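Below are the chains, spelled out letter by letter.
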Amino acid sequence: MLAVDNINVFYGAIHALKGVSLDVKEGEIVTLIGANGAGKSTILKTLSGLLKPTSGSIQFLGDTIHGRPAQQIVKRGLCHCPEGRRVFANMSVEENLELGAYLRKDKEVKSDLEKVYVKFPRLKERQKQLSGTLSGGEQQMLAMGRALMARPKLLLLDEPSMGLAPLLVKEIFSIIKEINESGTTVLLVEQNANMALSIAHRAYVIETGKIVLAGDAKELADSDEIKKAYLGG
Amino acid sequence: MFEYIVQQLINGISIGSIYALIALGYTMVYGIIKLINFAHGDVFMVGAFVGYFAAKAGLGLFWSLILAMAVCAILGVLIERLAYRPLRGAARIVILITAIGVSFLLENLGIYALGPQAKGFPEIVTKTQYTLFGDVTINSVQIIVLAVTVILMVLLQYVVHKTKMGKAMRAVSYDMEAARLMGINVDTTISFTFAIGSALAGAAGVVFAVMYPSVDPLMGIIPGLKAFVAAVLGGIGIIPGALVGGLVLGIVETGVSSAGFSLWRDGAAFAILILILIFKPSGLFGKNVREKV
Ligand SMILES: Nc1ncnc2c1ncn2[C@@H]1O[C@H](COP(=O)(O)OP(=O)(O)OP(=O)(O)O)[C@@H](O)[C@H]1O
Ligand SMILES: [Mg+2]
């Protein structure tokens, strides 16, 4: 579904991604773990078209997407739910969700809105509320709901559990699992490696702009190397 | 005394609503690309001239307005495309200086093409005076200015809050990168913002010329600066702020000159600017917004 081949990305003189390759198959949850500043968000931003790689290629559903403007990538079904939620605080919950469906012209937007409200009942109660006044957990749900409104085929999630209480983290992860089971492929970036590895099929580990390990999520979760570096044991 | 005050309020609101129309363009453009578009007053001037030629050609107020708005919308989009877009991502001061350059360019092109002398604006609205009560009067030009302003404000509210493009504008001005992730075409949205802001300035140019029936290539400078003050007063980037800022400025100015200090009328605007920058730089409606990361 997604094939990233040897991409290099720079911020000015900073070489942030150094020949990164990875792939995601339809139906999977793939997680990308790594320390702060390793380049996880940079990978997602490059996939969604916010950044352009200086070399290498990105294929999505048979099309070359690197170098294309973000709106064309969203249109193909690759949606990025960014780090820090980035909800439009000056707009209501419902307006945020509608913006998620910005490029859709089909008649099912309304019914998808209801589906999002079923998945996140707390958003339903706060439909007209300004999203800037939501709690962190509610904003995360809104950000995910907003991404779902685009009907993604591949959903990129950047640290959805950031700053949330343990109970809420559990809830968010079980929702991610549900989203995946209903047919959406997920590429998940996480600091919470434990939780991420427990729901993912496969995982990549990134260190200072390079993929250093890749494999089955269960196996990685059991490997001593990973335990030491990322699972606090 | 009461009647006198009401009269001054009516006069102040009339001129203030013109400032408000211009201020909206400043504020919308600032809201979306954080640029004080110093060429905006000159777009207002171009609008007045389009109105002038339209009126000379025999068009009525309505079509003169429409034509001026259309020409200014296109002009605004062109300015953004040619002068500002290539500098996207450059330091703010670079774009600001470019805006001043565009302003000089429009003014001097105007002088070159049309000559520096002021031209009398044809009377497309017959001026009649209506008595409201006692000595308080309102004239047909004031009524038209108010009507045009109210109609355009309602339309603007509708566009900004109810249409897809309006939602895209608000999204881009809040968080450009997140807007991109929604699939919003940021370039188109910025063009659209320039089109709307410039069309409003064009309309303001025509009604201004109807009110003070003379047009010249430098006529945009002072109203442009005052509208800038109005936008800052209301809180730059905040649409209702521009409206209130324009009205307050118009009222203060009329108050100052009717109190016998008419020489200080223009000074009042800049005194307000200085005061607001000292005491509440974010403007009347401004919150202390977090700096975006
Ligand atoms: N806009 C930017 N300009 C310059 N350097 C940047 C920029 N954004 C990120 N970087 C640098 O690129 C590297 C990778 O950053 P990135 O945000 O991808 O890390 P991350 O893995 O997502 O980290 P975190 O877990 O903290 O979110 C870091 O060294 C960072 O300092
Ligand atoms: Mg990150």
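Residues numbered from 1 in each chain as written. Chains lettered and ligands numbered in written order. Predicted model: local features only at pLDDT ≥ 70, side-chain atom pairs only at ≥ 80, totals over all residues. Heavy atoms only, no water.

Chain B carries the name Branched-chain amino acid ABC transporter permease in an unreviewed UniProt entry, which gives Tumebacillus lacus as its organism. The UniProt entry for chain B carries this comment under Sequence similarities (unreviewed entry): "Belongs to the binding-protein-dependent transport system permease family. LivHM subfamily." (UniProt positions renumbered as here; feature names shortened; annotations may be inferred.)

For chain A, an unreviewed UniProt entry supplies the name ABC transporter ATP-binding protein and the organism Tumebacillus lacus. UniProt lists a comment for chain A under the heading Sequence similarities (unreviewed entry), and it reads "Belongs to the ABC transporter superfamily."

**Student:** Any chance you could break down the side chain of Ser131 of chain A for me, citing the residues and the numbers?
**Tutor:** Residues and elements named next belong to chain A. Within the secondary structure, Ser131 is located in the loop between helix H5 (121-125) and helix H6 (136-148). The exposure class of Ser131 is buried, given its relative accessible area of 0%. Polar contacts involving the side chain of Ser131 include one to the main-chain carbonyl oxygen of Phe88, which spans 2.7 Å. If we ignore the near neighbours within four places in the chain, the residues touching Ser131 are Val87, Phe88, Ala89, Met91, Ser92, Val93, Asn96, Gln139 and Leu142. (Helix = DSSP H or I, 4+ residues; strand = E, 2+ residues; numbered from the N terminus. Buried < 20%, exposed > 50% of the residue type's maximum accessible area, 1.4 Å probe, protein only. Polar contact = N/O pair within 3.5 Å; in protein donor to acceptor, adjacent residues only side chain to side chain. Contact = heavy atoms within 4.5 Å.)

**Student:** Got a sec to walk through helix H1 (residues 2-33) of chain B? Specific residues and values, please.
**Tutor:** Within an α-helix, residues lying three or four positions from one another point in the same direction, as the helix has 3.6 residues per turn. All names here are of chain B. The end-to-end C-alpha distance of H1 is 44 Å, a good match for the 46 Å that 32 residues give at a rise of 1.5 Å each. The element H1 is largely enclosed, with a buried count of 24 among its 32 residues. Looking one or two places after H1, you find Lys34, whose phi comes out positive at around 55°. (Expected span 1.5 Å × (residues − 1).)

**Student:** Before we move on, could you go through the site of ligand 1 and cite the residues and values that matter?
**Tutor:** Residues and elements named next belong to chain A. Of all residues adjacent to ligand 1, which total 14 residues, the nearest are Gly37, Lys40, Ser41, Thr42 and Gln191. The separation between an oxygen atom of ligand 1 and a polar main-chain atom of Gly37 is 2.8 Å. Here Ser41 contributes a side-chain N or O atom positioned 2.7 Å from an oxygen atom of ligand 1. Within the complex, 63% of the 640 Å² of free accessible area of ligand 1 lies under protein. Elements supplying a minimum of two residues to the shell around ligand 1: strand S2 (14-24) and helix H1 (40-47). Broken down by element, the residue count for the shell around ligand 1 peaks at 3 residues, all from H1. The residue inventory of the shell around ligand 1, partitioned by class, reads 5 nonpolar, 6 polar and 3 charged. (Near = heavy atom within 4 Å. Areas by Shrake-Rupley, 256 points an atom, 1.4 Å probe, with all protein chains shown as cover. Nonpolar A, V, L, I, M, F, W, Y, C, P; charged D, E, K, R; others polar.)

**Student:** Account for empty space enclosed by the protein, naming residues and giving values.
**Tutor:** Taken as a whole and judged by the stated rule, the model has 1 cavity of 30 Å³ or more. By volume, the largest cavity is sized at about 70 Å³. Around the largest cavity sit Val74, Cys79, His80, Cys81, Pro82, Gly100, Ala143, Arg146, Ala147 and Ala150 of chain A together with Leu181 and Met182 of chain B, which together line it. Those elements that provide at least two residues to the lining of the largest cavity are strand S6 (78-81) and H6 of chain A. Counted by class, the lining of the largest cavity contains 9 nonpolar, 2 polar and 1 charged residues. (1 Å grid on protein atoms, 1.4 Å probe; cavity = no way out; pocket = protein on both sides within 12 Å on 5 of 7 lines; lining within 4 Å. Points joined across faces, edges and corners; volume = space filled by probe spheres on them.)

**Student:** How would you explain the UniProt feature "transmembrane region" (unreviewed entry) in chain B if you had to name every residue and give the values?
**Tutor:** All names here are of chain B. Under the UniProt annotation, the feature "transmembrane region" (unreviewed entry) is placed at residues 6-28, 61-79, 91-114, 140-160, 190-215, 227-251 and 263-279. End C-alpha to end C-alpha, residues 91-114 measures 35 Å, and it is 96% helix and 0% strand. Secondary structure content for residues 227-251 is 84% helix and 0% strand, and the end C-alpha separation is 13 Å.

**Student:** So what's going on with the sheet that holds strand S4 (residues 55-60) of chain A? Which residues, and what values?
**Tutor:** All names here are of chain A. The strand order S2-S1-S4-S5 describes an open sheet built from 4 strands, whose pairing is antiparallel. Both edges of this open sheet fall to S2 and strand S5 (63-64), since each of them pairs with a single strand only. As paired elements, strand S1 (residues 2-11) and S2 share 8 bridges and run antiparallel to each other. When the sheet's bridge partners are listed, Ala3 is paired in S2 with Asp23. (Pairing = 2+ DSSP bridges.)

**Student:** Explain the coordination of the magnesium ion (ligand 2) to me, and be specific about the residues and the numbers.
**Tutor:** All names here are of chain A. Coordination of the magnesium ion (ligand 2) by the protein is provided by Ser41 (OG) and Glu83 (OE), with metal-donor distances spanning 1.9 to 2.1 Å. Note that Ser41 is positioned in helix H1 and Glu83 in the loop between S6 and helix H3 (93-100), a separation of 42 residues in sequence. Of the residues examined, Glu83 reaches a relative accessible area of 32% and is grouped as partly exposed. (Donors = N, O, S within 2.8 Å, 3.2 Å for Na, K, Ca; no water.)

**Student:** Report on the sheet that holds strand S10 (residues 210-216) of chain A, specifying residues and quantitative values.
**Tutor:** Residue and element names in this part refer to chain A. Strand order across the open sheet formed by 6 strands is S6-S7-S8-S3-S9-S10, with mixed pairing between neighbours. Strands at the two margins of the open sheet, each flanked by one partner only, are S6 and S10. Put simply, the sheet's adjacent strands are angled 15° from each other on average, direction ignored. Across the sheet, H6 touches S6 and strand S7 (154-158), and the angle it forms with S6 is around 170°. (Axes fitted to C-alpha atoms, helices over the stretch in contact; angles between N-to-C directions.)

**Student:** Pulling in residues and values, what's your account of the packing of aromatic side chains?
**Tutor:** In total, this model carries 10 aromatic pairs over all chains according to the counting rule given. Taken together, a centroid distance of 5.3 Å and an interplanar angle of 70° make the contact between Phe44 of chain B and Phe208 of chain B edge-to-face. Of this pair, Phe44 of chain B sits in helix H2 (residues 40-56) while Phe208 of chain B sits in helix H8 (residues 186-211); the two residues are 164 residues apart in sequence, bridging distant segments of the chain. Phe44 of chain B gets classed as buried once you look at its relative accessible area, which sits at 0%. Among the aromatic residues, ring-to-ring pairing joins Tyr26, Phe38 and Phe228 of chain B into one connected group. It is Lys164 of chain B that lies over the ring of Tyr102 of chain A; its NZ or CZ is 5.2 Å from the centre. (Phe/Tyr/Trp six-rings, centres within 6.5 Å; stacked < 30°, edge-to-face > 60°. Lys NZ or Arg CZ within 6 Å of the ring centre and 35° of its normal.)

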